[in-house]
Amino acid sequence: MSGLNNPKIPQPKITVTGRIPDAGLDLLRSIDGSDVWAWMDDAVIPTEVRNEQLADADAAVTLLTDRVDDDFLAAAPKLQIVANVAVGYNNIDVDACTRRGVIVTNTPGVLIDATADLAMGLVLMSTRRLGEGERLIRSGTAWQWSMFMMLGTGLQGRTLGIVGMGGIGEALATRARAFGMRIVYHNRRNVDTEVEQRLDAQRVDFDELLATSDIVSLNCPYSEATHHLIDASALAAMKSTAFLVNTARGPIVDEAALVEALVNGVIAGAALDVFENEPTVHPGLLSLDNVVLVPHLGSATVETRAAMATAAASNVVEVLAGRTPHNPVSG
Ligand code: GLV
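Residues numbered from 1 in each chain as written. Predicted model: local features only at pLDDT ≥ 70, side-chain atom pairs only at ≥ 80, totals over all residues. Heavy atoms only, no water.

**Considering unusual backbone geometry**
In step 1: In this structure, the amide linkage connecting E278 to the following residue, P279, adopts the cis form with an omega of 5°.
In step 2: On the secondary structure map, P279 appears in the loop between β11 (269-272) and α12 (283-286).
In step 3: Look at R129: it is not a glycine, yet its phi comes out positive at around 60°.
In step 4: Position of R129 relative to the elements: it lies in the loop between α5 (112-127) and α6 (130-138).
In step 5: In this structure R129 comes out as partly exposed when scored by relative accessible area, which is 27%.
In step 6: Positioned with a positive phi, M150 is a non-glycine residue whose angle comes to about 45°.
In step 7: Among the secondary structure elements, M150 is positioned in the loop between α6 and β6 (159-163). (Helix = DSSP H or I, 4+ residues; strand = E, 2+ residues; numbered from the N terminus. Buried < 20%, exposed > 50% of the residue type's maximum accessible area, 1.4 Å probe, protein only.)

**So, the pairing of strand β10 (residues 243-246)**
In step 1: What you see with β10 is no split at all: F243 and V245 on one side and L244 and N246 on the other are buried throughout.
In step 2: Pairing between strand β9 (residues 215-218) and β10: four bridges, direction parallel. Residue pairing for β10: L218 is matched across the bridge by N246.
In step 3: On the question of chirality, the crossover connecting β9 to the parallel β10 by way of helix α10 (residues 232-237) is right-handed.
In step 4: As paired elements, β10 and β11 share four bridges and run parallel to each other. If you follow N246 over to β11, its bridge partner there is L272.
In step 5: Each parallel crossover has a hand, and for β10 linked through helix α11 (residues 255-263) to β11 it is right-handed. (Pairing = 2+ DSSP bridges. Right-handed = clockwise from strand over helix to strand, strands pointing away.)

In structure tokens form, the structure reads like this:
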């Protein structure tokens, strides 16, 4: 890679605040003269250790479990870049970084397929009651095939409503089309005509999406504007036979309202990869059979996590060489 060994700072200190795949660490270590310090534990780094390692850091590589706020930045007076190993960057106060001249980057693109695969898996798990079936067998309860046992909902001819038609939404729509689903989406702007035509997708307003979708999938970023986008009234506007799938960010859904809706049959079911107060899960969800719960696995494949680490490290390489990074984000 050209310019890799040519940082503007002679011996840049790079602090990696969480355990990341070797592909990313190797790339950071290949920067000429670099001093790479990495927290090598899966547990979240203690603040004192983090601050000690940020004191002379020129670059920080962060995970979505890090809060990059004024306290973080105050501990890192030399910092030039925060490279988040995630597409979402709601863990970072981008405005605070911008005020201090710190560039923020994320890792879009490389996790699209993995996350769309997981979202499609959750669609299937919830509509075909796969978690419930698994729990039944594991519980040791006696069972016997019968005509009416655990009937689910077929996908063919059903409508998938995608909230947030970026790369992941589009990849999910491609998968859902192969299952014979119709696609509607809600987005700030239209997607390319070519994409709309290929997916036979129709842009609708949020209310229409809620009212007409058999499955509502959340694929939008989390921000103040999307906080509790799915609240009690949004849930009430959905079909009573509909399912909600969230692979985006937990606080887009008002989890207490979701529990009420699932208990009272306001919607048929839900599947969640992300949680409002992650890693805590609302206790009301734990006992419900009509919800699938998985622990934030959207991008969790060996290949994708290596690609994410490499993408974040490449952003560091660019910034330390005085170039524009591949994936800058703004507040
Ligand atoms: C995962 O949730 C990500 O934002 O990359």
